[in-house]
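# Examining the three-dimensional arrangement
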Amino acid sequence: MIIDLSFKDLYGKALEVQELFDSVEELTNQIRIETGLRCPPSCRECCRTRGDAIQVTITEFLPLSLKLWNEGRAELFLSALETVLDDDSCILFESSPELSKEGGCTEYRYRPLLCRMFGFSGVMDKFGKVVPAICRLLKTNYPECVSKLLERISEGSRIPVFSEFSSRIRGVDPYMGTRTYSINVALRRALEYVGMRVDYTTKGFDRTA
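Here we summarise the structure given alongside this text. (Residues numbered from 1 in each chain as written. Predicted model: local features only at pLDDT ≥ 70, side-chain atom pairs only at ≥ 80, totals over all residues. Heavy atoms only, no water.)

### Describing helix 2 (residues 62-71)
This is how the line gets drawn: Buried means the residue's accessible area, taken with a 1.4 Å probe over protein chains only, is under 20% of the maximum for its type, while exposed means over 50%, and partly exposed covers the values in between. Runs of H or I in DSSP of at least four residues are treated as helices and runs of E of at least two as strands, each being numbered from the N terminus.
Taking burial as the measure, the ten residues of helix 2 include eight buried ones, the bulk of the element. Turning to helix 2, its buried residues number three or more, namely Leu62, Pro63, Leu64, Ser65, Leu66, Lys67, Leu68 and Trp69. Looking one or two residues past helix 2, Gly72 carries a phi angle of roughly 75 degrees, positive in sign.

### Structural notes on unusual backbone geometry
In this model, Ser42 sits at a positive phi of 60 degrees, which is unusual for a non-glycine residue. Relative to the assigned elements, Ser42 resides in the loop between helix 1 (8-35) and strand 1 (55-57). Overall, the relative accessible area of 48% leaves Ser42 in the partly exposed class.

### Thoughts on the packing of aromatic side chains
To keep it simple, the criterion reads: Pairing of aromatic rings covers Phe, Tyr and Trp, the last through its six-membered ring, and needs centres within 6.5 Å; plane angles under 30 degrees mean stacked, over 60 mean edge-to-face, and all others mean tilted. Two limits define a charge over a ring: the Lys NZ or Arg CZ must be within 6 Å of the ring centre, and within 35 degrees of the ring normal.
In the structure shown here, the tally under the stated rule is zero aromatic pairs. A cation over a ring is seen here: Arg109 above Tyr110, with NZ or CZ 5.7 Å from the ring centre. In this arrangement the basic side chain of Arg111 is found over the ring face of Tyr108, its NZ or CZ atom lying 3.7 Å from the centre.

### Focus: the side chain of Arg116
As a reminder, the rule being used: We call two residues contacting when some pair of their heavy atoms lies within 4.5 Å.
If you trace the backbone, Arg116 turns up in helix 4 (residues 113-117). Judged by relative accessible area, which is 4%, Arg116 ranks as buried. Beyond its immediate sequence surroundings of up to four residues, Arg116 is in contact with Gln18, Phe21, Val24, Glu25, Thr28, Tyr108, Arg109, Tyr110 and Arg111.

### Regarding the pattern of salt bridges
Note the cut-off: Counted as salt bridges are all cases of a side-chain nitrogen of Lys or Arg within 4 Å of a carboxyl oxygen of Asp or Glu.
Following the criterion strictly, the structure yields 15 salt bridges and no others. Within this structure, Lys67, Glu71, Arg73 and Glu107 form a network of salt bridges that share partners.

### Quick word on the nonpolar core
So the rule is basically this: For this analysis, a nonpolar core means a set of buried residues of the types Ala, Val, Leu, Ile, Met, Phe, Trp, Tyr and Cys, connected via side-chain atoms within 4.5 Å.
Within the largest apolar cluster, 30 residues are counted, with the highest numbers of intra-cluster contacts made by Phe61, Leu64, Trp69, Leu92, Leu187, Leu191 and Val194. Listed by contribution, the elements that provide at least two residues to this core are helix 1, helix 2, helix 3 (74-81) and helix 8 (183-202). Broken down by element, this core gets its largest block of residues, eight residues, from helix 8. If we skip the residues at most four places from it in the chain, Leu64 touches Leu92, Glu107, Tyr110 and Leu187. Leu37, Val146, Ile153 and Ile159 belong to the second largest nonpolar core, which has twelve residues in total.

See the structure below:
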């Protein structure tokens, strides 16, 4: 295994991030159970968004980056990312439902916050009130479910709020968790950061020297 105990801090941060992701999943799954609201079958419209319109942090890609380095696939991704422009679609996007049945993401479990929360989350207005930000396709395809969601929220049900979870991401790593990049750039920087640590560790680099 190429990553040893000197990576304890990275694994700790990656675990914190994954726990935040799981918290979002728990809330969104509860919404689906209570209201029936869900993405239309095989819908991939949000994944077709330009990459520079999907802004995420390096921290959010730590779990995936560690996974790819451990599996020996990171350099393949880095090579592919060299030819990707900022406004190109996310490199993780798979347009065919036959090839990727669980959403449009080939690394669905490790997708960042915005990808998890789009269409099923809320934003804070200037009065501190949570306002649902619901995907237009959900409003069109499932108006009754959307009405049920709004009713649930008025009764006190909780939905994930993006600002809350992005603040918690900053808490995991105040440096890498603050600045956002287009999704492909964020993934490349995360892979490079973890790869640098792998390289220094395997070559016996001593940062205290």
